[in-house]
2 protein chains.
Amino acid sequence: MSDPFVIVGGDAAGLSAASKFAREAPKQDVVVFEKGSWVSYAHCGMPYYVKGEVDSLEDLLTLTPADIEERGIELRRHHEVTGIDTERNSVTVEAAGGQFEQPYDSLLIATGGHAITAPIEGATLENAFTMHSMDSAAALDASLTPPSDWDPSKTTLEFVDADLVDRYATTPRPETAAIVGGGYVGVEMAEALVGRDLDVHLFQRPDALLPPFGRPVGEKIAATLENHGVTVHLETGVDELRGDERVEAVATDSEVLPVDLALVGIGIRPNTEFLAETAIETVESGAIVTDEYGRTSVDSVYAAGDCAQMEHTVTGEPAWIPLGLTANRAGRAIGTTVAGTLTETGAVAGTAAVKAFDMEAGRTGLIDHEAAQSAGFDPISETITTASRSGYYPGAADTTVTLTADRQSEKLLGGSIVGSDRAAIRIDTLATALDQDMTVGELERLDLAYAPPFSPVWDPILVAAKVLNGRFDEDVSG
Amino acid sequence: MSDPFVIVGGDAAGLSAASKFAREAPKQDVVVFEKGSWVSYAHCGMPYYVKGEVDSLEDLLTLTPADIEERGIELRRHHEVTGIDTERNSVTVEAAGGQFEQPYDSLLIATGGHAITAPIEGATLENAFTMHSMDSAAALDASLTPPSDWDPSKTTLEFVDADLVDRYATTPRPETAAIVGGGYVGVEMAEALVGRDLDVHLFQRPDALLPPFGRPVGEKIAATLENHGVTVHLETGVDELRGDERVEAVATDSEVLPVDLALVGIGIRPNTEFLAETAIETVESGAIVTDEYGRTSVDSVYAAGDCAQMEHTVTGEPAWIPLGLTANRAGRAIGTTVAGTLTETGAVAGTAAVKAFDMEAGRTGLIDHEAAQSAGFDPISETITTASRSGYYPGAADTTVTLTADRQSEKLLGGSIVGSDRAAIRIDTLATALDQDMTVGELERLDLAYAPPFSPVWDPILVAAKVLNGRFDEDVSG
């Protein structure tokens, strides 16, 4: 076994796999090719950097290149893998020094995704940003900082695209921003840009924010954003960003609104175009098909992270739900497998949390009825609102729980929680229930914690389970 | 069925049963006998009343007597049941008007517990309080209030023992308090009495606070109390409260410390002495033996709440763990059963949460190795400390998770969590895992929520599971 374990992509999945492999098989070689400059950074932290709550972009690095080398991993930044010869077990690499072939013993594709901008005309204008690369975050921060406050050391960071950031540091400071898309990125960036004193307009084509969280969460988050000065435009698609060189206006279905900055957050797409000529199977989303060990359709080739499918906890079917924890976990499992111990990558329930100012929300599993129906379930949902603490205890806040279950089996399919008092983290209870295929009746009988500062006697989750459970009976008698 | 459903005790279990029964069987009679004046009150809220965070004791009532009557429940306060004739299905009731016999169709014993004080000599002195009755809480509040600030309307509440409270309202305001016992009550009352500007000494005979939470929690809570000015005396038993009429000093194993107030919180005992002459089986703790439906050893007689055993989630054996949620749930189930639909009372994992100033903790299941061993397990534990949020996100706080598992089956047996940032409510994830008999490996693979403001990529629970899981492997190879 003279050829190394080759990993394409130096972020969560790739470096989790590399680290685990290096620990488990210290005598074998592992090489990571990263086409960019940044490695091992926290995507999810970028909005907080833009808001000003994280001092340096470098704080978002989980591992520095030095840490990575110290683990016995050969890291090659600015090396782009452009092709794979799965017959000869070899990848084609392009780098400053030219192109070369790198043979592999095992190969992990962990190339992540990229922000989609194509449907929005003008998304390449100046002052149109996405929140899917560190350079874009750095440039956005620079554009928001008055020249008198600009800290030039921000462009001397080892990894940053200094030309880009320097250019934005000298542009006029924007006052009005259009955020295109009301998912996580849009909601988090609305908070961030308000925090930078911009007048913020958020445009969302569907009729609610955060569709994967369900309507009760979307409504609460929209109200919270409005309360903090964001203008939320629902059912308003953006067709075009207009301007000569820089963004000057946003054109929606119904109006043209002058803005001087735009942030596009309408989703991501797997970075798998370079697989087009290979036998490695992908699906329409662009995601790579994998089995329970992260193996692709081709021998010795694995895939993990935002570019790959995983098994869905509830449906048992392949799903593409790009999330940080599952990228880390799948990478770690594949590192273990390649080192010799077959290890499952685990399933994904799509458990996620989001914060908007003082409001927080969590979601897991299948909430939406259409999604549940197309997975073969007969969904029924219930939404309740109750206090987060004993009513007499100061600080109790409305907590809204939505549960979706299957009418036949009475099994929980998914749920969401929204509120301002410790609401998001409560979703982990529902995520655990989903993992264990619990019925709503079992959920209702859980012995959860009760203490006046943290929960009423009947926790909001128990109240929701009780009410939904009553619906099954009703339906039987009715 | 002409005789009513008779319930002894008008608190959580009794009134949950009565309410559910009245709703399910509206044509049948239900009578609740309560020996005292207060009904349906939140025990767990009393420390916060004493601290001054709850305005009125009446805020702690879940239901008023009027609410209860409105539900179709016949409520008889100041009616004490002193005996049961299980042959003739009748109880003996003592009330102001004399003694009478009340026949029953079904009977629920929901008499709760009382604070233990007997081992402490002098616990009947003035200014020696417990925190297990509303009158005691009212009297303690009165004793802590300077006469100039005293609100006389506090003694005109419908239920309160006005003589007692009036008397305490005129006693000199204490300055130094001894709290005897370092369980929930002791810890919560330490915070409350510091909040009332007392110099507080907390005495605990074992070598850690909150033994059911395990040592890592006890240590963190002790440090927090000390930081807020409480003097914590561990391994220090209190033998005696000394004084002529009022508490003047506390005598420990090693010293006599002058204090002018004492709060005894060393545990409770079921109110089941009146069953001594009956065939209703109790165990040494005084708790009533029940089956999965809350049925006692005698036909048509049920028991629930702090006076009764329940099945333990982890051991499957009967356990006496008096807690608010289980009292409510068992009462509700028994109300349903008596109304005609056999319903299990559910199991108890001993899930609980406690707050001390800005520190919060939760616990569930079997944590202690002795307890786990005597239930037939081969316990192994791991304690980890990690951040509550992504390291770069402001407000991340140390979160300490302890997991105990069985070495053979690798199943989770119990755990605790302590920290200042949303730590307590995370215990519900472990409670759910216990309910579902999860292994530590399954726990490690849970798809929990990740978002920088709420959790690092690997939630503290996942980190603990990962480390403990590694211990199984070690032990196999070692």
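Definitions and cut-offs
- Residues numbered from 1 in each chain as written.
- Chains lettered and ligands numbered in written order.
- Predicted model: local features only at pLDDT ≥ 70, side-chain atom pairs only at ≥ 80, totals over all residues.
- Helix = DSSP H or I, 4+ residues; strand = E, 2+ residues; numbered from the N terminus.
- Expected span 1.5 Å × (residues − 1).
- Buried ≥ 20, exposed ≤ 12 C-beta atoms within 10 Å, placed from the backbone.
- Contact = placed C-beta atoms within 7 Å.
- Nonpolar A, V, L, I, M, F, W, Y, C, P; charged D, E, K, R; others polar.
- Domains from an automatic or database assignment.
- Core = buried A, V, L, I, M, F, W, Y, C linked by C-beta atoms within 7 Å.

Draft legend 1. Fine view of helix α7 (residues 215–227) of chain A. Residues and elements named next belong to chain A. Taking 1.5 Å per residue, 13 residues should reach 18 Å; α7 reaches 18 Å between its end C-alpha atoms and fits that length. Taken residue by residue, α7 has Pro216, Val217, Gly218, Lys220, Ile221, Ala222, Thr224 and Leu225 as its buried positions. Among the residues trailing α7, Gly229 stands out with phi positive, at a value near 95°.

Draft legend 2. Here's a closer look at the interface of chain A and chain B. Residue-level contacts link 53 residues of chain A with 54 residues of chain B. Of all elements in the fold, only α8 (324–338), β21 (347–348), β22 (352–356), β23 (359–365) and α10 (427–435) of chain A reach the threshold of two or more residues within the side of chain A that touches chain B. With seven residues, α10 of chain A is the largest single contributor of residues to the side of chain A that touches chain B. Taken together, the residues of the side of chain A that touches chain B break down into 30 nonpolar, 13 polar and ten charged.

Draft legend 3. Looking closely at the domain arrangement of chain A. Segmenting chain A into domains produces domain 1 (5–44 + 60–113 + 269–348), domain 2 (128–266) and domain 3 (358–477). The straight-line distance from the C-alpha centre of domain 1 of chain A to that of domain 2 of chain A is 31 Å.

Draft legend 4. Seen up close, the nonpolar core. Core analysis: the biggest nonpolar cluster contains 318 residues, and Ala262 of chain A together with Ala262 of chain B have the highest contact counts within it. Non-local contacts of Ala262 of chain A, meaning those with residues more than four positions away in its chain, are made with Asn127, Ala128, Ala177, Ala178, Val180, Leu241, Val247 and Val250 of chain A.

Draft legend 5. A look at unusual backbone geometry. Residues and elements named next belong to chain B. Non-glycine residue Ser300 carries a positive phi angle of around 65°. The topology assignment puts Ser300 in the loop between β17 (268–270) and β18 (301–303). Positive phi is not limited to glycine here, since Asp437 has a value of about 60°. Mapping Asp437 onto the fold places it in the loop between α10 (427–435) and α11 (440–444). Note on Asp437: 13 C-beta atoms within 10 Å, which makes it partly exposed.

Draft legend 6. View of helix α1 (residues 12–24) of chain A. All names here are of chain A. Spanning 13 residues, α1 covers 18 Å between terminal C-alpha atoms, matching the ideal 18 Å at 1.5 Å per step. Within α1, eleven of the 13 residues are buried, which leaves the element mostly enclosed by the surrounding structure. Within α1, the full set of buried residues consists of Ala12, Ala13, Gly14, Leu15, Ser16, Ala17, Ala18, Ser19, Lys20, Phe21 and Ala22. For α1, the elements touching its buried residues are β1 (5–8), β2 (30–34), α3 (65–70), β7 (106–109) and α8.

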